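# Structural characterization, general
What follows is the residue order along each chain.
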Amino acid sequence: ARALGALGAVRAGDRVVECDRGALVAPYMGQTALKVREAFDRASGGVLFVDEAHALVESDKDAFGREALDTLVKLLEDRRGDVVVVLAGYSAEMAALFRRNPGLASRFPHVFDFEAYTAAELGAIARGLLA
């Protein structure tokens, strides 16, 4: 968030709101949109980081997850420039999420695919941190 603030991409370079399905999807219809809007409001001027975003919609019959996704897409358009949204998840599952809402891909023009570290690479990182 600080790097984005330094670049002028966000106003509040220290504001990061991290959430997941549990923070965005409510147990009753109509409440999910409110939870998504509240998360956007808390992240206003900063970054909304959705971890395990592919879990937002668990199946085609997941009405609550679909409501979260649809609300997210609407807010991405309506509040463009106010919040930087980062969706994190596994590549194949994220591709499936993007297929669930045709408008989602156009709201995320940049996709970064990070390869998994090998055991040797993780060891080298750990040794570097401990040095």
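Refer to the structure printed above.
Here's a quick rundown of the structure.

Quick notes on the rules
- Position labels on residues start from 1 in each chain and follow its written sequence.
- At least 70 in pLDDT is required for a residue's local features to be given in this predicted model, at least 80 for side-chain atom pairs to be given and counted, and no such filter applies to totals for whole chains, interfaces and linings, which use all residues.
- Hydrogens are left out, water is left out, and the side-chain values use all remaining heavy atoms of the structure.
- Pairing of aromatic side chains requires ring centres within 6.5 Å, counting the rings of Phe and Tyr and the six-membered ring of Trp. Pairs whose planes differ by under 30 degrees are stacked, by over 60 edge-to-face, and all others tilted.
- Secondary structure elements follow DSSP: runs of H or I of four or more residues count as helices, runs of E of two or more count as strands, with numbering from the N terminus.
- Buried residues are those whose accessible area, probed at 1.4 Å on protein chains only, stays under 20% of the maximum for their type, while exposed residues exceed 50% and partly exposed ones sit between those limits.
- Pairs of strands are assigned from DSSP output, requiring at least two bridges between the strands.
- Lines fitted to C-alpha atoms define the axes, with helix axes restricted to the stretch in contact, and inter-axis angles between N-to-C directions lie between 0 and 180 degrees.
- Throughout, a residue-residue contact means that at least one pair of heavy atoms, one from each residue, lies within 4.5 Å.
- To estimate the expected span of a helix, count its residues, drop one, and scale the result by 1.5 Å.
- The directions from the helix axis to the C-beta atoms are what the arc is built from.
- Each patch groups residues whose relative accessible area exceeds 30% and which form no salt bridge, using 9 Å between like charges and 5 Å between nonpolar side chains of Val, Leu, Ile, Met, Phe, Trp and Tyr.
- Only the protein chains shown count as cover for residues, and all accessible areas are computed by the Shrake-Rupley method using a 1.4 Å probe.
- A pairing counts as a salt bridge when a side-chain nitrogen of Lys or Arg comes within 4 Å of a carboxyl oxygen of Asp or Glu.
- The term polar contact refers here to a pair of N or O atoms within 3.5 Å; inside protein, the definition further demands a hydrogen-donor-capable atom paired with an acceptor-capable atom, and it admits residues adjacent in sequence only when both atoms are side-chain atoms.
- By the counting scheme adopted, Arg and Lys are positive, Glu and Asp are negative, and His together with the chain ends is not counted.
- Here the site of a charge means atom NZ of a Lys, CZ of an Arg, CG of an Asp or CD of a Glu.

Before going further, it helps to spend a moment on the packing of aromatic side chains. Following the criterion strictly, the structure yields one aromatic pair and no others. Where Phe-98 meets Phe-108, the ring centres are 5.9 Å apart and the plane angle is 70 degrees; that geometry is what we call edge-to-face. With Phe-98 in helix α5 (residues 91-100) and Phe-108 in the loop between α6 (104-107) and α7 (119-130), the pair connects residues that are ten residues apart, well separated along the chain. Both residues of the pair, Phe-98 and Phe-108, belong to the buried class.

So, about the sheet that holds strand β3 (residues 84-87). The three strands are arranged β1-β2-β3 in an open sheet whose pairing can be described as parallel. At either margin of the open sheet sits one strand with a lone partner, and together these are β1 (16-19) and β3. Adjacent strand axes in the sheet meet at a mean angle of 15 degrees when their direction is disregarded. Sheet analysis places strand β2 (residues 47-50) next to β3, joined by four bridges and oriented parallel. If you follow Val-47 over to β3, its bridge partner there is Val-84. The strands touched by helix α3 (residues 31-43) within the sheet are β1, β2 and β3, with β2 carrying the most contacts at an inclination of about 135 degrees.

Here β1 shows a clear split, with Val-17 and Cys-19 buried on one side and none of Val-16 and Glu-18 buried on the other. Two elements, β1 and β2, share four bridges in a ladder whose sense is parallel. Its bridge partner lying in β2, Val-17 is registered against Leu-48.

Here α3 is 13 residues long and its end C-alpha atoms lie 19 Å apart, about the 18 Å a rise of 1.5 Å per residue gives. For α3, the complete set of buried residues consists of Thr-32, Ala-33, Val-36, Ala-39, Phe-40 and Ala-43. Down the axis of α3, the buried set is contained in an arc of 125 degrees. They therefore lie on one face. Residues of α3 that are buried in the fold lie against β1, α2 (21-24), β2, α4 (63-78) and β3. The positive-phi residue at the C-terminal boundary of α3 is Gly-45, with phi of around 85 degrees.

A surface patch of nonpolar side chains, amounting to about 600 Å² of accessible area, comprises Tyr-117, Leu-122, Ile-125, Leu-129 and Leu-130. Considering the arrangement of structural elements, one finds Leu-122 in helix α7.

Quick look at the side chain of Glu-67 now. Positionally, Glu-67 belongs in helix α4. At 3.4 Å, the side chain of Glu-67 forms a polar contact with the backbone nitrogen of Gly-30.

With that settled, the discussion passes to a negative patch on the surface. There is a patch of like negative charges on the surface, built from Glu-18, Asp-20, Glu-52 and Glu-93. In this structure, Glu-52 sits in the loop between β2 and α4.

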